[in-house]
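So the chains spell out like this:
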Amino acid sequence: MNLPLTGETAIWLAILFGMIFGFLLHRGGVTNYNVIVNQFRFKDFTVLKIMFTAIVVGGVGVLALKQGGWAQFHIKPANMLGVTLGAALFGVGMVLYGYCPGTGLAAVATGSLHALVGLAGMLVGGVLYALSYSWVEAHIQKIGALGKLRLPEVTGLPDWAWLALLAGVAAVVFWLLETRLRPQTREQ
Amino acid sequence: MLPMNEPSPTSQTGNPCSPPEAAEKRARWSPYVVGAGLGVLSWVVFAVVNQPLGISTALSSASSVCALPVMGAEAVAKNAYWTKHALKLDYGMLFLAGTFLGSLASVLASRSFRLEKSPAVWRDRFGASTAGRWAAAFAGGVIVMYGARMAVGCTSGHGISGSLQLALSSWVFFLTMFASGVVAAWLVFRRPGRGAH
């Protein structure tokens, strides 16, 4: 079997991979509005635990695959103004909606009617972006456009050092969360 | 029969939660197991189909369907964004379908399906009004998607997939999004709730 798969096979595998993704989101509890919003209020650290574990585990494996010639990186361009403004909006939207695009979609399947209302909002947001796309490209995305940079190139620290650092930080934070700071889950 | 959560002022403090709500909590796996699962899923997806994880690109292509009746087919076809990200039954679109179906499978297997008009944390702060919650969810959805497109990625594409590749843009996204969310959550929830008394 030659990897990566392309064409029809790859397209239909998307359903399987998406299902694993959606299944894991629900089992992780992040299809629940309260869990996500309480992360931003530091009352529930489920989101942080899931994301940091995924980054460290995923990072080590994808780096190994890349170095073995089994995978390619897919780096998004560092358009500093666009990504900063976009992320700032995203944080506000995520608190009001209570979901991000992926968890919102998965939450609709759990019966969350307000997630469905917000999904309609996301489609409208997509329309608004498409309408303003040319303007944003011309006036925002070109400012601070540094290209497809990675942290190792920016800092001079090699990949493995970054991953070791992230793993170390995650281990200390998780240990503190599990032993010293019992999260308040009262409001879930 | 579908269980429905009936918002009542006292429902959140001390009362036992509804059977599907309890089932949802029982069905949860350790967040470390779920995170590791997402990490391993990334290995497989990168190696097998040479794709990163992502949601918002496909969702923004899907939005062109909503624009069709308002803008007309010609205007949609001419739009620079939808020319670049045209709606088609591609990998990204089927990944969206899979995400929905996978969550549904987990919900059904754990018997935790529950129609929720407004979540507990929101009701504790703003009371039982469904209209208020839906207005906020809609506005939040608009903002979250606009932000995701401007940043060229969301919590999946940047937060997990980009961060694990140590992309500069993704770490800027992750840290800025989190800081912005913390400030927003403080502004929205800092005052004592109406539902809590």
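Every value quoted in this text rests on a predicted model; they were computed, and no experiment measured them.

What counts, and at which threshold
Throughout this document, residue positions are counted from 1 along each chain, in the order its sequence is written. Each chain takes a letter, starting from A, and each ligand takes a number, starting from 1, following the order in which they are written. In view of the model being predicted, local features appear only for residues whose pLDDT reaches at least 70, and side-chain atom pairs are presented and counted only at 80 or more, with totals across whole chains, interfaces and linings using the full set of residues. Side-chain numbers come from the whole structure's heavy atoms, not from hydrogens or water. Note on contacts: a residue pair is in contact if any heavy atoms of the two residues lie within 4.5 Å. Throughout, buried area stands for the accessible area (probe radius 1.4 Å) lost by two parts on being put together, summed over both. By salt bridge we mean one thing: a side-chain nitrogen of Lys or Arg within 4 Å of a carboxyl oxygen of Asp or Glu. Counting of polar contacts relies on pairs of N or O atoms within 3.5 Å, with two restrictions inside protein: one atom must be capable of donating a hydrogen and the other of accepting it, and residues adjacent in sequence are counted only when both atoms are side-chain atoms. Strands are runs of DSSP state E lasting at least 2 residues, helices are runs of H or I lasting at least 4, and numbering of each runs from the N terminus. In this count, Pro and Cys sit with the nonpolar residues alongside Ala, Val, Leu, Ile, Met, Phe, Trp and Tyr, while Asp, Glu, Lys and Arg are called charged and the others, Gly among them, polar. Note on method: axes are straight lines fitted to C-alpha atoms, helices fitted across the in-contact stretch only, with angles between N-to-C directions ranging 0 to 180 degrees. Here is the rule for angles: anything less than 35 degrees is roughly parallel, anything more than 145 is roughly antiparallel, 65 through 115 is roughly perpendicular, and the remaining ranges are oblique.

Listed per partner, the contact involves 117 residues of chain B and 122 residues of chain A. Each partner contributes to the roughly 10,900 Å² buried at the junction of chain B and chain A, and carbon and sulfur atoms together form 76% of this total. Ranking the residues of chain B by area buried against chain A places Tyr32, Met150 and Leu166 of chain B at the top, with a combined share of 7%. Seen at the junction of chain B and chain A, the total is zero salt bridges. Applying the counting criterion to the chain B and chain A interface returns 36 residue pairs in polar contact (both at pLDDT 80 or more). Ranked by the residues each element gives to the side of chain B that touches chain A, the list is headed by helix α2 (residues 31–49) of chain B, at 18 residues. The class makeup of the residues in the side of chain B that touches chain A is 74 nonpolar, 32 polar and eleven charged.

Two elements in contact, helix α6 (residues 113–139) of chain A and helix α3 (residues 56–71) of chain B, have axes separated by 8 Å at closest approach and are oriented at 80 degrees. It follows that α6 of chain A is roughly perpendicular to α3 of chain B by the angle criterion. Residues Leu119, Met122, Leu123, Gly126, Val127 and Leu131 of chain A of α6 of chain A form the contact with α3 of chain B, whose participating residues are Leu59, Ala62, Ser63, Cys66, Ala67 and Met71 of chain B. For the contact of α6 of chain A with α3 of chain B, a count of residues per class yields ten nonpolar, two polar and no charged.

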